[in-house]
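Examining the three-dimensional arrangement
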Amino acid sequence: MSRFFLLIFISLAVFGAETAHPTLAIGSPAPDFSLPGIDGKTHKLSDYSASPVLAIIFTCNHCPVAQLYEERIKKLAADYQGKGVALVAIQPNDPNAIRLSDELLYTDVSDGFEDMKVRAAYRHFNFPYLYDGETQAVSEAYGPKATPHVFVFDQERILRYEGRVDNNKRESLVTAQDTRNAIDAVLAGRPVPVEHTGVFGCTTKWKSLAPTRIADLKKIEAEPVQLDSVSAEELKKLRQNPTGKLLLVNFWATWCGPCIHEMPDLQMIYRMYRRRDFDLVTVATNLQDEKPGVLKELERQHASSRNLQFASDDTYGMQAAFNSKWDSGVPFTMLIAPEGKVLYQKQGEIDILEVRRLILGNLPDPAYVGHRAYWATN
């Protein structure tokens, strides 16, 4: 598919998604649902019939706006606990419709069901978190435009408010508590002062967008794979990280099982964050005459990162050139801040989530102020 026709296809898919999924109208009854929760239970609309107010929030893992609202959603759940308000979160996105190259730049996980469990545990969610990504039937009925998108129902489960949580993604700039105002009005039996507001966040990833993800993956896998030699002096320079970026360096070998096992994870990290101030360098510790085998393995892995191989058969000398305290085997991985500060190092296979979160917590965020702080706290 040519780039021109791909752009046309994406535009039509996005436009079609906007027009084909209307948002539930004020005054409508709550559509029924039966969805799996991360708690292992199946949740139904009737499970919450005893609560005078039901707030359903469509949110997700990967969206950076949704991430900044997680604490506010937790606070809503806590503040209204025992006051007749049930709060339920639903993840509407199809994970197979999320592009790797430009939609996972600000997250540690995607929007799959198992990913939801990871995020909920990491951020200590105190509300039911339900998955609708498989069929999107419930999302079709409610029509969330972006994450987060709130729907507030009264005792008869008639929709009284739909829209945003509040009026600014940055909590310090919030001046209107729209969802709280709606809940308070319904609890008091008063008309909701503002029944509808626009929503701001990442658009819902409907199944119709899945072909764009497939095209994105094919484009990534078609990228050229290169392998260059690296000298001891160049390794010393690499350790100081003069790139101005956050740098992840991984030493590996073709004969190392754990190295091969973690290579897909490393390449995934590279593809997720390379549009930001981040880079990955792999360094093969194989002897020089093994270069054809090294290149073959890198090609099998579609490793389009910067790939190097020791230019000398003096393996121990090359190791010492990078790090004089590294006197063991591979894999060996180091995360280095600009100008050489070591943020993480590991002998053996990495913890993929730990490394992703360290990267996110140390990447500068001039284009999205506040996101770095989200990952620096838990």
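See above for the structure.
1. Brief notes about the sheet that holds strand S13 (residues 306–310)
- In space, the six strands of this open sheet follow the order S10-S13-S12-S11-S14-S15, with mixed pairing throughout. Every interior strand has two partners, whereas the edge strands, strand S10 (228–230) and strand S15 (342–347), have only one. Strand-to-strand twist in this sheet, taken as the mean axis angle between neighbours without regard to direction, amounts to 25°.
- As paired elements, strand S11 (residues 246–252) and strand S14 (residues 332–336) share five bridges and run antiparallel to each other. In the strand pairing of S14, leucine 247 is matched with isoleucine 336.
- Sitting on the sheet, helix H9 (residues 257–273) is in contact with S11, strand S12 (278–284) and S14, with an inclination near 155° to S12.

2. Overview of helix H6 (residues 178–188)
- Residues of H6 that are buried: Asp178, Thr179, Arg180, Ala182, Ile183, Ala185 and Val186.
- Where the residues of H6 are buried, they touch strand S3 (53–58), helix H2 (64–79), strand S4 (85–91), strand S7 (149–153) and strand S8 (159–163).
- The positive-phi residue at the C-terminal boundary of H6 is glycine 189, with phi of around 75°.

3. Here's the deal with the packing of aromatic side chains
- Summed over all chains, the structure comprises 16 aromatic pairs.
- On the basis of an interplanar angle of 90° and a centroid distance of 6.1 Å, the ring pair of tyrosine 142 and phenylalanine 153 is categorised as edge-to-face. Remark: phenylalanine 153 occurs in strand S7 and tyrosine 142 occurs in helix H5 (residues 137–142); sequence separation between them is eleven residues. As far as burial versus exposure is concerned, tyrosine 142 and phenylalanine 153 are alike and both buried.
- Grouping aromatic residues by their ring pairs yields a cluster made of Phe251, Phe310, Phe322, Trp326 and Phe332.
- Cation over ring: lysine 83 sits above tyrosine 80, and NZ or CZ is 5.9 Å from the ring centre.
- Across the ring face of tyrosine 374, the terminal group of arginine 123 is positioned such that the distance to the ring centre comes to 4.2 Å.

Parameters and conventions
- Residues numbered from 1 in each chain as written.
- Predicted model: local features only at pLDDT ≥ 70, side-chain atom pairs only at ≥ 80, totals over all residues.
- Heavy atoms only, no water.
- Pairing = 2+ DSSP bridges.
- Helix = DSSP H or I, 4+ residues; strand = E, 2+ residues; numbered from the N terminus.
- Axes fitted to C-alpha atoms, helices over the stretch in contact; angles between N-to-C directions.
- Contact = heavy atoms within 4.5 Å.
- Buried < 20%, exposed > 50% of the residue type's maximum accessible area, 1.4 Å probe, protein only.
- Phe/Tyr/Trp six-rings, centres within 6.5 Å; stacked < 30°, edge-to-face > 60°.
- Lys NZ or Arg CZ within 6 Å of the ring centre and 35° of its normal.

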